[in-house]
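Below are the chains, spelled out letter by letter.
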Amino acid sequence: MSPRSRKPDPEAKQSPSVLPGLGPKSEQALRAAGIATVGQLRSLGSVRAYLKVKEHWPGASLNLLWALEGAIAGLPWQVVAKEHRLSLLLALEAAKGDA
């Protein structure tokens, strides 16, 4: 499929708070980190977005990482925390090592 034949994602330019599991506080933290759209969030992925937020808001907990991954993947954060915790923590450590 060529890039021209791809249909635009109607959410891509919307605020991340339109995604399930992300509310005003998450949106505020994302905006402070320079992530203002769903497209930017998806492009970065949950781990890189979380690390950018941590730069601006050191108090961000891992619950935000679970929520970001859940919002991107369309899963409740509780499912992410239970079933994807290890892979996300490993990816987070790897990303910190790359920085």
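Located above this text is the structure these notes cover.
The structure presented is a predicted model; accordingly, all values stated were derived computationally and were not measured.

1. Concerning the side chain of Glu27
Then comes step 1: Its place among the elements puts Glu27 in helix H1 (residues 24–32).
Then comes step 2: Reaching out from Glu27, the side chain makes a polar contact with the side chain of Ser17 at a distance of 3.0 Å.
Then comes step 3: Sequence-distant contacts of Glu27, that is, excluding residues within four places in its chain, are made with Ser15 and Ser17.

2. Concerning the environment of Leu65
Then comes step 1: Inspection of the secondary structure assignment puts Leu65 in helix H3 (residues 62–73).
Then comes step 2: Not counting chain neighbours up to four residues away, the residues in contact with Leu65 comprise Ser46, Val47, Tyr50, Leu88 and Leu92.

3. Notes on the environment of Val53
Then comes step 1: When you line up the elements, Val53 lands in helix H2 (residues 38–56).
Then comes step 2: Beyond its immediate stretch of four places on either side in the chain, Val53 contacts Ala29, Leu30, Ala33, Ala60 and Leu64.

4. Structural notes on the nonpolar core
Then comes step 1: Judged by nonpolar contacts, the single largest core of 25 residues is most densely connected at Leu22, Leu41 and Leu68.
Then comes step 2: Elements with a minimum of two residues in this core: H1, H2, H3, helix H4 (77–83) and helix H5 (85–98).
Then comes step 3: Sorting elements by how many residues they give to this core places H2 first, with seven residues.
Then comes step 4: Excluding anything up to four places from it in sequence, Leu68 contacts Leu22, Leu30, Leu41, Ser46, Ala49 and Tyr50.

5. Observations regarding the pattern of salt bridges
Then comes step 1: Per the stated rule, a full pass over the model turns up two salt bridges.
Then comes step 2: In this structure, Arg31 and Glu27 form a salt bridge, with 3.2 Å as the shortest nitrogen-oxygen distance. With Arg31 and Glu27 both in helix H1 and four residues apart, the pair spans about one turn of that helix.
Then comes step 3: The residue Lys96 makes a salt bridge to Glu93 at a minimum N-O spacing of 3.7 Å. Of the two residues, Lys96 and Glu93 both sit in helix H5, three residues apart, roughly one turn of that helix.

About the thresholds
Residues numbered from 1 in each chain as written. Predicted model: local features only at pLDDT ≥ 70, side-chain atom pairs only at ≥ 80, totals over all residues. Heavy atoms only, no water. Helix = DSSP H or I, 4+ residues; strand = E, 2+ residues; numbered from the N terminus. Polar contact = N/O pair within 3.5 Å; in protein donor to acceptor, adjacent residues only side chain to side chain. Contact = heavy atoms within 4.5 Å. Core = buried A, V, L, I, M, F, W, Y, C linked by side-chain atoms within 4.5 Å. Buried < 20%, exposed > 50% of the residue type's maximum accessible area, 1.4 Å probe, protein only. Salt bridge = Lys/Arg side-chain N within 4 Å of Asp/Glu carboxyl O.

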